[in-house]
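The primary structure of each chain is shown beneath.
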Amino acid sequence: MLFKLCAKLTVGKFLRGDSMKLEVRVFSGLEKYLPGITFGQAFEIDVPEGTTGRGLLVKLAIPESQVFSMLANGRHFSFDQKFHPGDRVALFPPVGGG
Amino acid sequence: MLTETQLKRYTRNILLPNVGAAGQEKLLQSRVLVVGSGGLGSPAAYYLAAAGVGHIGLVDSDKVDLSNLQRQILHRTEDIGRPKVASGAEKLRALNSDTEVIAVEKLITGENADDVVRSYDVIVDCTDNFSVRYLLNDACISQQKPMIFGGVLSFSGQLMTIMPGEGPCLRCLFREDPSPDASSCAEVGILGAVPGVIGALQSTEVIKYLLGLGNLLMGRLLTYDALTAAFFEVTLERDPSCPSCAQL
Ligand SMILES: [Zn+2]
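Model, not experiment: these values are computed from the prediction. (Residues numbered from 1 in each chain as written. Chains lettered and ligands numbered in written order. Predicted model: local features only at pLDDT ≥ 70, side-chain atom pairs only at ≥ 80, totals over all residues. Heavy atoms only, no water.)

S.K.: Which parts of the structure should I look at to understand the coordination of the zinc ion?
M.R.: In an ideal tetrahedron of four donors about a metal, each angle is 109.5 degrees. In an ideal octahedron of six donors, the angles are 90 or 180 degrees. Residues and elements named next belong to chain B. Cys169 (SG), Cys172 (SG), Cys242 (SG) and Cys245 (SG) make up the full set of protein donors to the zinc ion, lying at 2.3 Å. One way to put it: the four donor atoms around the zinc ion meet at angles of 98 to 122°, and that makes the site tetrahedral. Within one chain, the residues donating to the zinc ion are spaced in sequence as C-x2-C-x69-C-x2-C. In this pair, cysteine 169 sits in the loop between strand E6 (156-162) and helix H8 (170-173) while cysteine 242 sits in the segment after strand E8 (230-235), placing the two residues 73 residues apart along the sequence. For the pair cysteine 169 and cysteine 242, one class covers both residues: buried. (Donors = N, O, S within 2.8 Å, 3.2 Å for Na, K, Ca; no water. Tetrahedral: all angles 85-135°; square planar, octahedral: opposite > 155°, others 65-115°. Helix = DSSP H or I, 4+ residues; strand = E, 2+ residues; numbered from the N terminus. Buried < 20%, exposed > 50% of the residue type's maximum accessible area, 1.4 Å probe, protein only.)

The following block contains the structure:
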């Protein structure tokens, strides 16, 4: 909402054949795994069709144990679910202190 | 009817559009439960007491520790070792004798959660762990009470207002307990003013809810990054397969 900036981040080689784009945002410290990406900044990534939540984390090199919640299009998304082209993904660590 | 003293004490509230004397009377009759009297609960409870919320329940089972004082502004150096609810209740009463403060020195469990929240209009989640948050979430859903979720970590914080049956709940968003390997404030630290920001926003949501003002943070997770001084909003939907609220 506060920004319309979409940085393009192509991780790995562009795959010939069936790839799809996801829009990803990471929050609350997970940005440390993505050099050049800031907290809450949306970026696009190309992934093979059929990529799962877990597959995306592998591609982004974010340890699964650090991701408390994965959302796709504003809904809870399990690591085993498969993305659809254009899904908007948000990743959060546990922000649980009080 | 407000007394002369109350008209003066709350004059800046009463001047606000859509608040007035009637809104102030409503606040004085309201019952708010603040669960946790640490980094989030301190500013949240302070602002609610200052605003003239008539009844504030303060729940915590901890005692004040030296390492708390960097952010938990309800407590002072001489309070170290005292129950947090005793220390917190004392400060709130000293701030505003119109507010009845109910100190509940208890750990929220599956057995007592329903009873603890029962007599309150709105619950403010200022706890420091997800297992208690899930218990509060479920108790609030079963009793259809709004809950204001807040959490902090390092330089960031987040909050969301949960209206059972109307918007997403905590379990729509978070499903499991965090991995033991995930970062926590005890490991990565927390800048004291960050829970100050989030706790103040939580108290703002409470007052908006009680007085029917504006738009609540329902279905909107508001995230704060102190380092870039930016807020981000993530829009959320109810999860039809939510283990807590799907049946509502
Ligand atoms: Zn839910």
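Let us keep going from here.
S.K.: Just to check I follow, could you spell out the interface of chain A and chain B for this structure?
M.R.: It is common to give the size of an interface as the accessible area lost on bringing the parts into contact. Opposite the 24 residues of chain A that make contact, chain B presents 43 residues. Summing both partners gives a buried area of about 2,700 Å² for chain A against chain B, and 62% of it is carried by carbon and sulfur. The interface formed by chain A and chain B holds one salt bridge in total. As a salt-bridge pair, Arg75(A) and Glu237(B) come within 3.3 Å of each other at their nearest N and O atoms. Taken together, chain A and chain B are joined by eleven residue pairs in polar contact (both at pLDDT 80 or more). (Contact = heavy atoms within 4.5 Å. Buried area = accessible area lost by both parts, 1.4 Å probe. Salt bridge = Lys/Arg side-chain N within 4 Å of Asp/Glu carboxyl O. Polar contact = N/O pair within 3.5 Å; in protein donor to acceptor, adjacent residues only side chain to side chain.)

S.K.: Hey, could you run me through the pairing of strand E3 (residues 42-48) of chain A in this one?
M.R.: On a regular strand, each side chain points to the face opposite its neighbour's, so the side chains alternate between the two faces of the sheet. Residues and elements named next belong to chain A. Burial analysis of E3 places five of its seven residues in the buried class, the great majority of the element. Taken together, the six bridges between strand E2 (residues 19-26) and E3 define a ladder with antiparallel strand orientation. Along E3, the bridge assignment pairs valine 24 with phenylalanine 43. (Pairing = 2+ DSSP bridges.)

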